[in-house]
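Architecture at a glance
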Amino acid sequence: MSVPTSAPAPSAPASSSRHFPPGFVWGAATAAFQIEGATTADGRSPSIWDTLCERPGAVLDGSDGSVACDHYHRWESDLDLLAGLGLTAYRFSISWPRICPGGKGEPNEKGLGFYDRLVDGLLARGITPYATLYHWDLPQVLEDKGGWRSRDTAYRFAEYAAITQHRLGDRVKHWATLNEPWCSAFLGHASGEHAPGRTDQAEAVVASHHLLLGHGLATEALHGGRRPAEVGVVLNHYDITPASDSPADVDAARRLDGQQNRWWLDALYTGAYPADIVEDFARWTDMSFVQDGDLAAISSRLDWMGINYYSSFVARGLGAPAPAGPRPTPWIGCEDVELVPNGEPVTHMGWDVVPSGLTKVLERISRDYDAPPLFITENGAAYDDVVVDGQVEDPDRIAYIDAHLRAALDAIDAGVDLRGYFVWSLMDNFEWAWGYTRRFGVVRVDYDTLERTPKASAHAYAAIARENGWA
Ligand code: IFM
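Description of the structure in this document. (Residues numbered from 1 in each chain as written. Predicted model: local features only at pLDDT ≥ 70, side-chain atom pairs only at ≥ 80, totals over all residues. Heavy atoms only, no water.)

**As for the packing of helix α9 (residues 201-224) against helix α10 (residues 247-270)**
Heads up, the rule is: Convention adopted: a line fitted to C-alpha atoms gives each axis, helices being fitted over their contacting stretch, and angles between N-to-C directions are expressed from 0 to 180 degrees. Elements are defined by DSSP. Helices are runs of H or I of four residues or more, strands are runs of E of two residues or more, and each kind is numbered from the N terminus. If you view the pair so one helix is near and one far, a crossing is left-handed when the near helix is turned anticlockwise from the far one by less than a right angle, and right-handed when it is turned clockwise. Any two residues whose heavy atoms approach within 4.5 Å at even a single point are treated as in contact. Classes in brief: Ala, Val, Leu, Ile, Met, Phe, Trp, Tyr, Cys and Pro nonpolar; Asp, Glu, Lys and Arg charged; the others, Gly included, polar.
One way to put it is that α9 packs onto α10 with a least axis distance of 12 Å and a crossing angle of 35°. Here the hand of the crossing between α9 and α10 comes out right-handed. Between α9 and α10, the residues in contact are V205, S208, L212 and H215 and W263, W264, A267 and L268, respectively. In the contact of α9 with α10, the residues fall into 6 nonpolar, 2 polar and no charged.

**Side note on the site of the ligand**
Put simply, the rule is: Any residue with a heavy atom lying within 4 Å of a molecule or strand is counted as near it. Two N or O atoms form a polar contact when they lie within 3.5 Å of each other; inside protein one atom must be a possible hydrogen donor and the other a possible acceptor, and for residues adjacent in sequence the pair counts only when both atoms belong to side chains. All accessibility values rest on the Shrake-Rupley procedure with a 1.4 Å probe; residue burial counts only the protein chains present in the view.
Around the ligand, the surrounding shell consists of Q34, H135, W136, N179, E180, Y310, W351, E378, W424, E431, W432 and F440. Between the ligand and E180 there is a distance of 2.8 Å, counted from a nitrogen atom to a side-chain nitrogen or oxygen. Here the ligand loses 95% of its free accessible area of 280 Å² to cover by the protein chains. Of the residues that constitute the shell around the ligand, the class distribution is 6 nonpolar, 3 polar and 3 charged.

**Focus on the nonpolar core**
Rules: By convention a nonpolar core is built from buried Ala, Val, Leu, Ile, Met, Phe, Trp, Tyr and Cys residues, the set being connected through side-chain atoms within 4.5 Å. For every residue, the accessible area (1.4 Å probe, protein chains only) is compared with the maximum for its type, and the residue is labelled buried under 20%, exposed over 50%, or partly exposed between those bounds.
Judged by nonpolar contacts, the single largest core of 141 residues is most densely connected at W26, W49 and Y134. Among residues more than four places away in sequence, those in contact with W49 are F33, W136, E193, H194, A195, F430, W432 and A433. Formed by 10 residues, the second largest nonpolar core is a distinct cluster that contains A252, A253, L256 and C334.

**Section: the sheet that holds strand β15 (residues 418-424)**
What counts is decided by this rule: Strands pair, by our definition, only if DSSP identifies at least two bridges between them.
What the 8 strands build is a closed barrel, ordered β2-β3-β4-β5-β6-β8-β12-β15; its pairing is parallel. Shown here is a sheet whose adjacent strand axes are inclined to one another by a mean of 25°, direction ignored. When strand β5 (residues 174-179) meets strand β6 (residues 230-236), the two strands line up parallel, connected through 4 bridges. Along β6, the bridge assignment pairs W175 with V231. Against the sheet, helix α8 (residues 181-189) contacts β4 (128-134), β5 and β6, and its axis sits at roughly 40° relative to β6.

**Observations concerning the environment of P274**
Position of P274 among the secondary structure elements: in the loop between α10 and α11 (275-281). Note on P274: relative accessible area 4%, which makes it buried. Counting along the chain gives 15 residues from P274 to Q259, while the straight-line C-alpha distance between them is 9.2 Å.

Here it is as structure tokens:
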């Protein structure tokens, strides 16, 4: 948590020459359920997101992932797009229900075959694969047995990780176990906005532990495999400041920071959950589901860590007097905390644009934790793109990416070991509970024709990647 002191130093002006360290990795990111479509092809079983999409009202536009960007059938031309932009790294996720449609037992050869071809296609184009094993698409068969509320799911996850690495590990070196487990635990089990759409705070805490346990067991399995594996995890972090120095606001920021940031970082790097948050959660759970040895597995050695950064939060405790006007929504899992707009411009998601928060997040992790080298595994913005003659000029997205890259470089200049950046996202895609109404891509997808067109931001980002900074 950072408490506001003085205004952060502004990033260098857009015209100044700055460069990233040699070898900095430039990539784009996607996730299986958001782009692949083909949800019934080649033996894939339903995931919890297929199920949630069927629930009336769960997805803003009533859509689902059955077609998405049809990447399952268009992957070759999508990889050509990546290569055409000159990007040399691609972060994608593997669909668990394609590999293990039954949740356990014999893997599905056709599912493995798809990722075999994808990886070969990447390598043939000189693009390094960064594979994420879990980007929220739990096989529904496992949800039916308790999902992440059940300890057994953590063991099933480690099995699936081992199967996948056994097949792809001769070509894929960089593995991420989980993507943003906070979302799986808290949006999935407390607010119910994400699959499996449950609303029980105690379940969210149990799920958070089993997700982390799954991460730890999978990390051990990947490191123990026949092939050398560089294993990481991808977390969503925010810089969190109190709205004022009132005790209620300061405590709100502590709690929010504890749940969003420290819960995960402490478990991974210190082998213990933060005591103050365990105490906060005591109203829901006594943590008796934590068994001997769990935290040792959770904190097993990592080779890198991914940070997804989009925005930062200003927290107000509801004990403090609220100003007149509409009250923002209370925060999941911290019912007496609300987020206060900080006066910055917002994206189409309504998220404050705070590049300096990225510098602070990177510096904080590097300063407070014994963390491995860092990557920004997602950063980007949804804007309400205007299409003129099939083209998108997206100056807001260009400015967002540019400012965040400069903020990342500020962190490197301050000594942070940051190794790469993946823009979210390569292309417009299924934005979870928002359906297809929010566009994060640097490549536009026309959902009627599925035609792809690089936006101006794709070219602007590619130019920075080519130059390894700004000339
Ligand atoms: O689209 C998501 C992605 O799946 C996970 N990180 C945040 C992105 C934007 O909401």
